[in-house]
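Report on the structure
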Amino acid sequence: MKLLVVGSGGREHAIAKNLLESQGVEQVFVAPGNDGMTLDGLDLVDIGISEHSKLIEFAKENDIAWSFIGPDDALAAGIVDDFNQAGLKAFGPSRLAAELEWSKDFAKEIMVKYGVPTAAYGTFSDFEEAKSYIEKQGAPIVVKADGLALGKGVVVAETVEQAVEAVQEMLLDNKFGDSGARVVIEEFLDGEEFSLFAFVNGDKFYIMPTAQDHKRAYDGDKGPNTGGMGAYAPVPHLPQSVVAQSIETIVKPVLKGMIAEGRSYLGVLYTGLILAADGPKVIEFNSRFGDPETQIILPRLTSDFAQNITDILDKKEPAITWLDEGVTLGVVVASEGYPLDYEKGLPLPEKTDGDIITYYAGAKFAENSRALLSNGGRVYMLVTTADTVSAAQEKIYDQLKKQDTTGLFYRTDIGSKANK
Ligand code: AMP
Ligand code: GLY
């Protein structure tokens, strides 16, 4: 069987690599992918994620059994609807189901309507109304652009002035274009943050190990928000009872709600949560796998990934199993300056072998050779599995010390919160 993965980052590298290792899978294409992926035997296709008709034509001509869609913007643009209309199978939610991610206001409405615990909020497109809401609520308070903003549309404001400034940038200065034409202003929730992923088919769902991302650029959760600088799974200090409670109070009602709204969900549902004093509450839904969480979750899958997805697409019960021991941890290596301006074209260390996996994101071959050079903000990620968080940290950080990371940087404290 031949498969197609749509996207180009570390998340898609992990998805495609795992699919290629599945039984009965002879070839995995990635569109557009990145050159680093080819070191794992993946085949790149030079078609962008927004070129739906070219992707469909490619899938038809190459006898692709089904496609796995990685990125949120492709889902928001209705790529799954287009594939289905062309008679092709694709794993991911329809445009209407993916609205859980591409409109924060829609996600809030669904949560309120179906009784899912989340922060109190207001949605505004008028600056003066937003300002008086903030002044009434006080700080800390959280300001979010309604639409997709590459993970950068959220401001956790310590003061009323910061919050008003964030609203001004979104509503008056158009910082995020249409994505910021409406803002969701939300109660600040205090507590441990974690992510819960599930494979979903309508009202059936299959929970993955809990994961924790590190969104700030620098050690000690300092610096600007990024796409994610490292992660680990499962979160060892998170009681199973919290997972059970999240399933009952959040996952089940939201999936039932989506069916009731005529937007039945198929794909990966990513729930971002804060464990508040009165239980887990949703800070966001994403309609896809996380990056970098995928890179630390999928190595823990012990069942056959391609078979599991085939079964879900065929409406059969998938037999999904996970490693139930140890911890999988990964550290992202990024270009100095990320998430703002950075240089490209720096030479990268050799790909690791053995029990440390290298997943590539912003990586590209040099003009006349197969030497990999940096080509993006997040460049590559090292991932390993060990008995404990500290043993995994030791393996990864020892390896990173051996690598020449000139012009690149990484956090030195991934997993340290779990490691008290
Ligand atoms: P998001 O892009 O929605 O994941 O938000 C980015 C980060 O902002 C999250 O990872 C949280 O650390 C923080 N955040 C979002 N919403 C809230 C909230 N209501 N209370 C506290 N922190 C929040
Ligand atoms: N790791 C955060 C995200 O994928 O949105």
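Looking at an unreviewed UniProt entry, one finds the protein named Phosphoribosylamine--glycine ligase, with Streptococcus sanguinis SK405 as its source organism. Its UniProt record, at the heading Sequence similarities (unreviewed entry), says of the protein: "Belongs to the GARS family." Its UniProt record gives the protein the following Pathway (unreviewed entry) comment, quoted word for word: "Purine metabolism; IMP biosynthesis via de novo pathway; N(1)-(5-phospho-D-ribosyl)glycinamide from 5-phospho-alpha-D-ribose 1-diphosphate: step 2/2."

**Quick notes on the pattern of salt bridges**
For the structure on display, the rule yields 25 salt bridges. Lys108 is the partner of Glu186 in a salt bridge, and the nearest nitrogen-oxygen pair spans 2.9 Å. Of the two residues, Glu186 sits in strand 9 (residues 183-187) while Lys108 sits in helix 6 (residues 104-113), which places them 78 residues apart along the sequence. Residues Glu186 and Lys108 agree in their burial class; the two are buried. Asp221 serves as the salt-bridge partner of Arg411, at 3.0 Å between the closest nitrogen and oxygen. Note that Arg411 is positioned in the segment after strand 23 (408-409) and Asp221 in the loop between strand 13 (216-218) and strand 14 (222-225), a separation of 190 residues in sequence.

**Let's talk about the site of ligand 1**
The full set close to ligand 1 counts 14 residues, and Glu186, Glu187, Leu189, Glu193 and Glu284 are the nearest of them. The backbone of Leu189 places a nitrogen or oxygen atom 2.8 Å from a nitrogen atom of ligand 1. For the shell around ligand 1, the elements supplying multiple residues, two or more each, are strand 7 (141-145), strand 8 (154-157), strand 9 and strand 17 (279-286). Of the residues in the shell around ligand 1, the class split is 7 nonpolar, no polar and 7 charged.

**Focus: the sheet that holds strand 7**
Spatial ordering of the open sheet is given by 6-9-7-8, a layout of 4 strands whose pairing is antiparallel. Strands with a single pairing partner mark the edges of an open sheet, and in this sheet they are strand 6 (121-124) and strand 8. Between one strand and the next, the sheet's axes are offset by a mean angle of 20°, whatever the strand orientation. Sitting on the sheet, helix 6 touches strand 6, strand 7, strand 8 and strand 9, and the angle it makes with strand 6 is about 140°. Across the sheet, helix 7 (residues 127-137) is in contact with strand 6, strand 7 and strand 9; its angle to strand 6 comes to roughly 160°.

**Some remarks on the site of ligand 2**
Taken together, Asp213, Lys215, Gly227, Tyr270, Asn286, Arg288, Gly290, Asp291, Pro292 and Glu293 are the residues near ligand 2. Here a nitrogen atom of ligand 2 sits 3.3 Å away from a polar atom, N or O, in the main chain of Gly227. In this structure, Asp291 approaches ligand 2 through a main-chain N or O atom, which is 2.9 Å from an oxygen atom. Here the shell around ligand 2 is composed, by residue class, of 2 nonpolar, 3 polar and 5 charged.

**Re the sheet that holds strand 4 (residues 64-69)**
Think of a sheet as strands paired side by side through backbone hydrogen bonds, with each pair either parallel or antiparallel. With parallel pairing, the 5 strands of this open sheet are ordered in space as 3-2-1-4-5. Strand pairing shows two members of the sheet lacking a second neighbour, strand 3 (43-44) and strand 5 (90-91), which therefore form its edges. Note: strand 1 (residues 2-7) against strand 4, 5 bridges, orientation parallel. Looking across to strand 4, one finds that Leu4 is bridged to Ser67. Docked against the sheet, helix 1 (residues 10-20) engages strand 1, strand 2 (27-32) and strand 4, running at close to 175° with respect to strand 1.

**A look at the packing of aromatic side chains**
The final tally for this structure, using the stated rule, is 13 aromatic pairs. Ring geometry for Phe124 against Tyr133: centres 5.0 Å apart, planes inclined by 50°, an arrangement best described as tilted. Take Phe124: its relative accessible area is 12%, and that puts it in the buried class. Judged by its relative accessible area of 17%, Tyr133 falls in the buried class. Between Phe197 and Phe289, the ring centres sit 6.0 Å apart and the planes meet at 40°, which makes this aromatic pair tilted. Remark: Phe289 occurs in the loop between strand 17 and helix 10 (293-297) and Phe197 occurs in strand 10 (residues 192-201); sequence separation between them is 92 residues. Phe289 matches Phe197 in its accessibility class, with the two residues each being buried. In textbook terms, an aromatic cluster arises when at least three aromatic residues are bridged by ring pairs, as seen for Phe68, Phe91, Phe197, Phe199, Tyr270, Phe289 and Phe305.

**So, helix 9 (residues 240-260)**
Under the 1.5 Å per step criterion, the end-to-end length of helix 9 is 29 Å for 21 residues, consistent within 8% with the ideal 30 Å. Within helix 9, the axis deviates most sharply at Ile247, by approximately 40°. Of all the positions in helix 9, only Val242, Val243, Ser246, Ile247, Ile250, Val251, Pro253, Val254, Leu255, Gly257 and Met258 are classed as buried. Where the residues of helix 9 are buried, they touch helix 5 (99-102), helix 6, strand 10, strand 11 (204-207), strand 16 (266-276) and strand 17. At the exit of helix 9 stands Gly262, carrying a positive phi of roughly 75°.

**A short note on the nonpolar core**
Ranked by size, the top nonpolar core spans 51 residues in total, and within it Leu100 and Phe285 carry the most contacts. Among the elements that line this core, the one with the most residues is helix 9, at 8 residues. Discounting residues that sit within four places of it in the chain, Leu100 has contacts with Phe106, Ala107, Ile110, Val254, Met258, Tyr265, Leu269 and Phe285. Ile15, Ala16, Leu313 and Val383 belong to the second largest nonpolar core, which has 40 residues in total.

**Re helix 1**
Burial analysis of helix 1 places 10 of its 11 residues in the buried class, which makes it a mostly covered element. Gly10, Arg11, Glu12, His13, Ala14, Ile15, Ala16, Lys17, Asn18 and Leu19 are the residues of helix 1 that are buried.

**Thoughts on the side chain of Asp105**
Tracing the backbone through its elements, the reader meets Asp105 in helix 6. Side-chain polar atoms of Asp105 contact the side chain of Thr123, separated by 2.7 Å. When near neighbours in sequence (up to four residues on either side) are disregarded, Asp105 contacts Tyr121, Thr123, Asp146, Arg182 and Val184.

Conventions and cut-offs
Residues numbered from 1 in each chain as written. Chains lettered and ligands numbered in written order. Predicted model: local features only at pLDDT ≥ 70, side-chain atom pairs only at ≥ 80, totals over all residues. Heavy atoms only, no water. UniProt positions renumbered as here; feature names shortened; annotations may be inferred. Salt bridge = Lys/Arg side-chain N within 4 Å of Asp/Glu carboxyl O. Helix = DSSP H or I, 4+ residues; strand = E, 2+ residues; numbered from the N terminus. Buried < 20%, exposed > 50% of the residue type's maximum accessible area, 1.4 Å probe, protein only. Near = heavy atom within 4 Å. Polar contact = N/O pair within 3.5 Å; in protein donor to acceptor, adjacent residues only side chain to side chain. Nonpolar A, V, L, I, M, F, W, Y, C, P; charged D, E, K, R; others polar. Pairing = 2+ DSSP bridges. Axes fitted to C-alpha atoms, helices over the stretch in contact; angles between N-to-C directions. Contact = heavy atoms within 4.5 Å. Phe/Tyr/Trp six-rings, centres within 6.5 Å; stacked < 30°, edge-to-face > 60°. Expected span 1.5 Å × (residues − 1). Bend = angle between axes of the 7 residues up to and from the residue. Core = buried A, V, L, I, M, F, W, Y, C linked by side-chain atoms within 4.5 Å.

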